[in-house]
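# A look at the structure
Next come the chains, spelled out residue by residue.
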Amino acid sequence: MLNRIRSLWRSIVDRDAMDQAMDDEFALHLELRTQDLVRRGIRPDEAARRARVEFGSVAAAKETARATWGSAWLDRWKQDVRYALRVLRHSPGFTAIALLSLGGGIGATTTVFSVVDAVDFRPLPFPNASRLVWMAERPPADAGRCPTCPASSAPATASYWAAQSRTIDEIAALAGYDVTWQHDDAIE
């Protein structure tokens, strides 16, 4: 495992030296095969040609070797970035719109996350905030409203809860407000 990590690190940091070592290795294999064919009585130029044919594509062998280094994704990524920069350089209007869109989207996302983080994820600024509860009444079933939905409680009910409870230290009530919703000439 450590050798694999070391090889990946070396292929990223010392890429030129590894490419040169690979070129030298392939050249050595071709030279040794050529010498072997010459010793068997084949002319040197024909032996070199046969060695290249037997070895196959050097470029394909290099790509296969690079893939074993584990950094092929980095090569593809660098190639994609270069291509994207070339395309963006040739169309400055599109580049400006894309950058403004990205900036606006990132800014809006950051703003929304900051608000949600402050409202939902941060602890409430009360001592023993985990002991806070929210209480509401359910409307009667015949009231014409959702019977399982919480409804506003009357101030008298909140006072009654405070007087009758032995476990509630303090109670606070919010004054309700009416909301009117109008849509397609219907008011609710």
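Up top is the structure.
Everything quoted here is computed from the prediction, not taken from an experiment.

### So, the overall build of the chain
Across its full length, the chain holds seven helices and two strands. When the helices and strands of the chain are placed in sequence order, the string is α-α-α-α-α-α-α-β-β. Burial analysis of the chain (188 residues in total) assigns 12% to the buried set. Considering only intrachain contacts with a sequence separation of at least 6, the fraction spanning at least 24 residues in the chain is 37%. Carbon and sulfur atoms make up 60% of the accessible area of the chain, which amounts to about 15,800 Å² in all.

### Examining the nonpolar core
If you look at the biggest cluster of nonpolar residues, it comprises five residues: Leu30, Leu37, Ile42, Ala47 and Ala51. Mapped onto this core, the elements with two or more residues apiece are helix 2 (15-39) and helix 3 (44-55). Not counting residues up to four positions away in its chain, the partners in contact with Leu37 are Ile42, Ala47, Arg50, Ala51 and Glu54.

### Quick word on the pattern of salt bridges
Within this structure, the stated rule accounts for eight salt bridges. Note that Asp36 and Arg33 form a salt bridge whose closest N and O atoms lie 2.7 Å from each other. Highlighted residues: Asp36 and Arg33, both in helix 2, separated by three residues, approximately one helical turn. Exposure remark for Asp36: the relative accessible area of 23% places this residue in the partly exposed category.

### Quick notes on the packing of aromatic side chains
One pair of aromatic rings is described through two measures. These are the centre distance and the angle between the planes. Within this structure, the stated rule accounts for one aromatic pair. With a centroid separation of 5.4 Å and 65° between ring planes, the pair formed by Phe26 and Phe55 is classed as edge-to-face. Here Phe26 is found in helix 2, whereas its partner Phe55 is found in helix 3, with 29 residues between them in sequence. Here Phe55 falls in the partly exposed class, since its relative accessible area comes to 30%.

### Points about the packing of helix 2 against helix 3
Packed helices, taken two at a time, are described by the angle their axes make and the gap between the axes. At their nearest, the axes of helix 2 and helix 3 sit 8 Å apart, and the two run at 130° to each other. It follows from the interaxial angle that helix 2 and helix 3 lie oblique. Judged by the twist between their axes, the crossing of helix 2 over helix 3 is right-handed. Between helix 2 and helix 3, the contacting residues are Phe26, His29, Leu30, Arg33, Thr34, Leu37 and Val38 on the first element and Pro44, Ala47, Ala48, Arg50, Ala51, Arg52, Glu54 and Phe55 on the second. Of the residues contributing to the contact of helix 2 with helix 3, the split by class is nine nonpolar, two polar and four charged.

### Comments concerning the environment of Trp161
Along the chain, Trp161 turns up in helix 7 (residues 155-164). Non-local contacts of Trp161, meaning those with residues more than four positions away in its chain, are made with Met135, Ala136, Glu137, Ser153 and Ile171.

### Comments concerning the packing of helix 5 (residues 72-90) against helix 6 (residues 92-121)
It is at 5 Å that the axes of helix 5 and helix 6 come closest, and there the two elements cross at 110°. The angle between helix 5 and helix 6 falls in the class roughly perpendicular. Where helix 5 approaches helix 6, its residues Leu88, Arg89 and His90 are matched on the opposing element by Pro92, Phe94 and Thr95. Along the lines of polarity and charge, the residues of the contact of helix 5 with helix 6 split into three nonpolar, two polar and one charged.

### Considerations on a nonpolar patch on the surface
A cluster of nonpolar side chains, contributed by Trp73, Trp77, Val81, Leu85, Leu88 and Phe94, occupies part of the molecular surface with about 630 Å² of accessible area. Residue position: Leu85 is located in helix 5.

### Topic: a positive patch on the surface
Together, Lys78, Arg82, Arg86 and Arg89 make up a region of like positive charge exposed at the surface. On the basis of relative accessibility, which here comes to 34%, the residue Lys78 falls in the partly exposed class.

### Examining the side chain of Thr34
Mapped onto the elements, Thr34 comes out in helix 2. Among the residues examined, Thr34 registers a relative accessible area of 13% and is labelled buried.

Reading the values: rules and limits
Residues numbered from 1 in each chain as written. Predicted model: local features only at pLDDT ≥ 70, side-chain atom pairs only at ≥ 80, totals over all residues. Heavy atoms only, no water. Helix = DSSP H or I, 4+ residues; strand = E, 2+ residues; numbered from the N terminus. Buried < 20%, exposed > 50% of the residue type's maximum accessible area, 1.4 Å probe, protein only. Contact = heavy atoms within 4.5 Å. Areas by Shrake-Rupley, 256 points an atom, 1.4 Å probe, with all protein chains shown as cover. Core = buried A, V, L, I, M, F, W, Y, C linked by side-chain atoms within 4.5 Å. Salt bridge = Lys/Arg side-chain N within 4 Å of Asp/Glu carboxyl O. Phe/Tyr/Trp six-rings, centres within 6.5 Å; stacked < 30°, edge-to-face > 60°. Axes fitted to C-alpha atoms, helices over the stretch in contact; angles between N-to-C directions. Parallel < 35°, antiparallel > 145°, perpendicular 65-115°, else oblique. Left-handed = near helix turned anticlockwise from the far one by under 90°. Nonpolar A, V, L, I, M, F, W, Y, C, P; charged D, E, K, R; others polar. Patch = residues over 30% accessible without salt bridge, like charges linked within 9 Å, V, L, I, M, F, W, Y side chains within 5 Å. Lys, Arg positive; Asp, Glu negative; His and termini not counted. Charge placed at Lys NZ, Arg CZ, Asp CG, Glu CD.

So far we have only geometry, and geometry alone does not tell us how the molecule works.
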